[in-house]
Amino acid sequence: REPLVRKTSSSYRTFPESAGRRLDKEYLRSLRNKRLYLAVFAAVLGNFSFGFALVYPSPVIPALETHPSPALRLDHPLVLNARLGRKLSIMFSALPSAVGYALMAGAQGIGMLLLGRVLTGYAGGVTSASIPVYISEISHPGVRGMLGACPQIMAVLGSLVLYALGKYLRLVLDWRWLAVAGEVPVLTMIVLLCFMPNSPRFLLSQGKDDEALGSLCWLRGKDTDYAREYEQIKDSVRKQSRRVSCAEIKDPFIYKPILIAVGMRFLQQLSGVTCVLVYLQSIFKKTSVILKPEYDAALVGLVRLFSVAIAAVSMDKAGRKILLFVSAGVMLVSNLTMGLYIHFVPASQNGTIANKTLVSSANVPAEATNYITLIPLLATMFFIMGYAMGWGPITWLLMSEILPLKARGVASGLCVVVSWLTAFTLTQFFLRVVVAFGLEVPFLFFAVICAGNILFTGCCVPETKGRSLEQIEAFFRTGRRSFMR
């Protein structure tokens, strides 16, 4: 007999990389992804519409401030979640979105504009919870990371298209026609999704085995060994009841992934990205950045798009955790640089007027060009780049990967609620903190949070690169890391 304790060899492992693992690799290489990419494209049109709607007020408000009709004229700038189930939930979001754009296009008063914004915002909440889950459930491990970044890419692309049509081609499209243009991705999404299959995992959880097999066959191709993947998914679904009960929430298999997903959404917003994006023009103005205000949104959009594209390409090669570490590190250095710059550089040089207000946009006396103001510009761009290549897209992807199937719908909705409530609360307190303590204090706080993000990633976040959703669930169910190797 061979001794139990001996020199480690490739043939002596707890879970040897035998025929099953080789079959998995051969299966992934044999897959045809064209239909999968089409299904993902149809779904992420909802994110494109959300990005389009999110920045719709930016070019519209200046036009309304000088509108000849008193009912539509704005005297002050306006500041303006749900869930259904996979594909139908995404399609459901198209209804309030289409109605919202129609109301904004035909608005005869501020009330109609506000109602239109509420409806498009509601649709954005639905897509935020549903699209990442749909993509993760129809994707295979070989491309799930890349496709998981598509919602962020399309949201940024939607914002850029809106700015291009509204700010820089204003003579071509006025604010009403911008709302009409917003209907195009919504209607295209509805048409395409009518021909796309539902998630095989969702269909199996509803007892529709034949439909689930047909869905997987359509996504993977008839000439592939999709039946083996189908049996793995079916076995995983069988181990879970249809709905999670209150007693089951105490099970680590349920509450651990939920806490990780919610914690990541909470920390993502606490890192300050929403405040920076919302008050970007004011921050640039108060730090005398050498950049014309009309270019800030386009520059930020291009930086975000470039960075998310980097994440999409590298996520399935480098892994999720390494990108999260790099992302949090870049944001930490950027926030720390911004805070220290505002604190130590005299107000006469950085134009912050003692850093005590962002609300007032009173004209600051013109200063000679000072290239030291490149520091806040570069710090902000690197912050946005760091966020977009890690903590932006990966938090949504991991949410859809690690949540257990039986709680995936409710838990993803909870993550969205926590995310937007945190963003709303933080943006409300941001101005108050700036007025009370100075502009540098929020940035130093964001730097501390980013340091916490690094610790959280190292201690709590599992690496899911190259793992099926069933393997990820097995890891949380048993706690044995062998499933994740």
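Starting from 1, residues in each chain are numbered consecutively following that chain's sequence as written. Only residues with pLDDT of at least 70 get local features here, since the model is predicted, and only at 80 or more are side-chain atom pairs given and counted; chain-wide, interface and lining totals rely on the full set of residues. Hydrogens and water are ignored here; the side-chain numbers use all heavy atoms of the structure.

Draft legend 1. Examining the overall build of the chain more closely. The secondary structure content of the chain amounts to 22 helices and zero strands. Only protein chains enter the calculation, and the probe is 1.4 Å; a residue is then buried if its accessible area is under 20% of its type maximum, exposed if over 50%, and partly exposed in between. When each of the 485 residues of the chain is scored for burial, the buried share is 53%. Approximately 22,300 Å² of the chain is accessible, and the part contributed by carbon and sulfur atoms is 66%. Helix numbers and strand numbers start at the N terminus; a helix is a DSSP run of H or I with at least 4 residues, a strand a run of E with at least 2. Values of accessible area rely on a 1.4 Å probe in the Shrake-Rupley scheme; residue burial ignores everything except the protein chains shown.

Draft legend 2. Inspection of the packing of helix 12 (residues 252-270) against helix 21 (residues 440-460) at higher detail. Helix axes use the C-alpha atoms of the stretch in contact, all axes being lines fitted to C-alpha atoms, and the angles between their N-to-C directions lie in the range 0 to 180 degrees. Orientation of helix 12 relative to helix 21, taken along the N-to-C sense of each, is 155°, at an axis distance of 9 Å. Considered as vectors, helix 12 and helix 21 are oriented roughly antiparallel to each other. Helix-helix and strand crossings are classified by hand; for helix 12 and helix 21 the assignment is left-handed. Within the contact between the two elements, helix 12 uses Ile260, Gly263, Met264, Leu267 and Leu270 and helix 21 uses Phe445, Phe446, Ile449, Asn453, Phe456 and Cys460. Each residue is assigned to one of three groups, with Ala, Val, Leu, Ile, Met, Phe, Trp, Tyr, Cys and Pro labelled nonpolar, Asp, Glu, Lys and Arg labelled charged, and all others, Gly among them, labelled polar. By residue class, the composition of the contact of helix 12 with helix 21 is nine nonpolar, two polar and no charged. Roughly parallel here means an angle under 35 degrees, roughly antiparallel means over 145, roughly perpendicular means 65 to 115, and every remaining angle is called oblique. Each crossing gets its hand from how the near helix is turned against the far one by less than a right angle, where anticlockwise is left-handed and clockwise is right-handed. Contacts are assigned to residue pairs with any non-hydrogen atoms lying within 4.5 Å of each other.

Draft legend 3. The arrangement of the packing of aromatic side chains in detail. Stacked, edge-to-face and tilted labels apply to pairs of Phe, Tyr and Trp rings (six-membered ring for Trp) whose centres lie within 6.5 Å, assigned for plane angles under 30 degrees, over 60, and everything in between, in that order. With the rule as written, the count across this model stands at four aromatic pairs. Consider the rings of Phe430 and Phe446, whose centres lie 6.4 Å apart with planes at 5°: the pair is stacked. Taken together, the residues Phe430 in helix 20 (residues 408-437) and Phe446 in helix 21 connect sequence positions 16 residues apart. For the pair shown, Phe430 and Phe446 are each scored as buried.

Draft legend 4. Molecular detail of the side chain of Arg201. Mapped onto the secondary structure, Arg201 falls in helix 9 (residues 200-205). By relative accessible area, which is 4% here, Arg201 ends up buried. When neighbours within four sequence positions are excluded, Arg201 is seen to be in contact with Glu137, Ile233, Val237, Leu405, Arg408, Leu469 and Glu470.

Draft legend 5. Here's a closer look at the pattern of salt bridges. By salt bridge we mean one thing: a side-chain nitrogen of Lys or Arg within 4 Å of a carboxyl oxygen of Asp or Glu. Considering all chains together, one arrives at three salt bridges under this definition. With a closest N to O distance of 3.2 Å, Asp209 and Lys234 form a salt bridge. Residue Asp209 is found in helix 10 (residues 209-220), and its partner Lys234 is found in helix 11 (residues 226-238); the two are separated by 25 residues along the sequence. Given a relative accessible area of 26%, Asp209 falls into the partly exposed group.

Draft legend 6. Structural view of a nonpolar patch on the surface. In this scheme, patches are assembled from residues that exceed 30% relative accessible area and form no salt bridge. Like charges are connected within 9 Å, while nonpolar side chains (Val, Leu, Ile, Met, Phe, Trp, Tyr) are connected within 5 Å. Judged by side-chain polarity, Ile249, Tyr255 and Leu259 come together as a nonpolar surface patch covering roughly 280 Å² of accessible area. Looking at where Ile249 falls in the secondary structure, it is placed in the loop between helix 11 and helix 12. Overall, the relative accessible area of 45% leaves Ile249 in the partly exposed class.

Draft legend 7. Spotlight on the confidence of the model for the chain. What pLDDT expresses is the predictor's confidence in each residue, scored from 0 to 100. Of all residues in the chain, 74% have pLDDT values of 70 or greater, and the mean over the chain is 75. Ranking the elements of the chain by mean pLDDT puts helix 3 (residues 57-65) last, at 47, and helix 21 first, at 92. Ignoring residues within four places in sequence, the model shows residues 70-84, a span with pLDDT below 50, making 44 contacts including any to other chains. pLDDT under 50 marks residues 359-368. Its contacts with residues more than four places away, or in other chains, come to seven contacts.

Draft legend 8. Geometry of the nonpolar core. Counting 67 residues, the largest nonpolar core has Met264, Trp391, Phe430 and Phe443 as its most contacted members. With sequence-adjacent residues up to four places away left out, Trp391 is seen in contact with Met264, Leu267, Gln268, Leu324, Ser327, Ala328, Met331, Gly386, Asn453, Phe456 and Thr457. In this structure, Ala94, Ile131, Ile135 and Met196 belong to the second largest nonpolar core, which totals 31 residues. Within this scheme, the nonpolar core is defined by two criteria: the residues are buried Ala, Val, Leu, Ile, Met, Phe, Trp, Tyr or Cys, and they are joined through side-chain atoms within 4.5 Å.

Draft legend 9. Up close: helix 21. Helix length check: helix 21, at 21 residues, gives a terminal C-alpha distance of 30 Å against a target of 30 Å (1.5 Å per residue), a fit within 8%. When helix 21 is considered as a whole, its buried residues turn out to be Glu440, Pro442, Phe443, Phe446, Ala447, Ile449, Cys450, Asn453, Phe456 and Thr457. To estimate how far a helix should extend, the number of its residues minus one is multiplied by 1.5 Å.

Draft legend 10. A look at the packing of helix 16 (residues 320-344) against helix 19 (residues 393-402). In contact at an axis separation of 11 Å, helix 16 and helix 19 are set at 145° when each is read in the N-to-C sense. Taken as a pair, helix 16 and helix 19 cross one another with a handedness that is left-handed. Between helix 16 and helix 19, the contacting residues are Arg320, Leu323 and Leu324 on the first element and Ile394, Leu397, Leu398 and Glu401 on the second. Tallied by class, residues from the contact of helix 16 with helix 19 come to five nonpolar, no polar and two charged.

Draft legend 11. Structural detail: the side chain of Glu183. As for its position among the elements, Glu183 is in helix 8 (residues 175-193). Glu183 gets classed as buried once you look at its relative accessible area, which sits at 14%. Setting aside its immediate chain neighbours within four residues, Glu183 contacts Ala98, Tyr101 and Ala102.

Draft legend 12. Just the state of the cysteines, in detail. Any two cysteine sulfur atoms within 2.5 Å of one another count as a disulfide. By the definition in use, this model includes zero disulfides. In this model Cys460 remains outside any disulfide bridge; the closest cysteine sulfur is found in Cys459, 5.7 Å from its own.

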